[in-house]
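Structural description and commentary
Residue strings, one per chain:
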Amino acid sequence: MIGIYTSGQQFGDNMLLMPIKAVQRLYSIDGATTVTVTADSAKDVNIVATELRGIWDSTVADVVTAQQEFANISGSITSANSTSQTGMLISLL
């Protein structure tokens, strides 16, 4: 163990953080599949994402913010809602 941390949130402390080299060794992973980076504040998220995009080329890693993930999910839900409404109107006719 390297240390213990507290986030001050009920579910924020319910996790285990390990150095990526240790995870790769323990689970026989050759390279990383996912890396989660947390900004120190919400206003710095885009700055951190831009910095990470500068480190890793898009052919090596996709840097996606929670806001971008939400936008993708929201777009899919809106599309499904529109399709459902269209289907309902057609079935009523």
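Attention here is on the structure that accompanies the text. This one's a predicted model, so the numbers in the text were calculated from it and none came from an experiment.

Taken together, Leu16, Met18, Leu26, Tyr27 and Ile29 make up a surface patch of nonpolar side chains, about 530 Å² in accessible area. Position of Met18 relative to the elements: it lies in the segment before helix H1 (20–26). Residue Met18 is classed as partly exposed on the basis of its relative accessible area of 34%.

With that out of the way, let us pick up the layout of surface pockets. Here the largest pocket is characterised by a volume of approximately 730 Å³. Around the largest pocket, the lining comprises 23 residues; the ones closest to its centre are Val35, Thr36, Val37, Asp62 and Val64. Sorting the residues of the lining of the largest pocket by element identifies helix H2 (45–55) and helix H3 (66–92) as the ones contributing at least two each. Of all the elements, H2 adds the most residues to the lining of the largest pocket, at four residues. A per-class count over the lining of the largest pocket returns 15 nonpolar, six polar and two charged.

Definitions and cut-offs
Each chain has its residues counted from 1, following the order in which its sequence is written. Where totals are concerned, whole chains, interfaces and linings use all residues; where local detail is concerned, this predicted model gives features only for residues with pLDDT of at least 70, and gives and counts side-chain atom pairs only at 80 or more. With hydrogens and water stripped out, all remaining heavy atoms of the structure feed into the side-chain values. Only residues above 30% relative accessible area that lack a salt bridge enter a patch, with like-charged residues linked at up to 9 Å and the nonpolar side chains Val, Leu, Ile, Met, Phe, Trp and Tyr linked at up to 5 Å. Shrake-Rupley sampling with a 1.4 Å probe provides the accessible areas, and residues are treated as covered by the protein chains on show and by no other component. Should a side-chain nitrogen of Lys or Arg be within 4 Å of a carboxyl oxygen of Asp or Glu, the pair is scored as a salt bridge. Strands here mean DSSP runs of E at least two residues long; helices mean DSSP runs of H or I at least four residues long; both are numbered from the N terminus. Relative accessibility thresholds used throughout: buried, under 20% of the residue-type maximum; exposed, over 50%; partly exposed, between the two (1.4 Å probe, protein chains only). Here a cavity means grid points, on a 1 Å grid over the protein atoms only, where a 1.4 Å probe fits yet cannot get out; a pocket means an open set of points with protein on both sides within 12 Å along at least five of seven lines; lining residues are those with an atom within 4 Å of a point. Grid points are joined across faces, edges and corners, and a volume is the space filled by probe spheres set on the points. The nonpolar class holds Ala, Val, Leu, Ile, Met, Phe, Trp, Tyr, Cys and Pro. Asp, Glu, Lys and Arg form the charged class, and all remaining residues, Gly among them, are polar.

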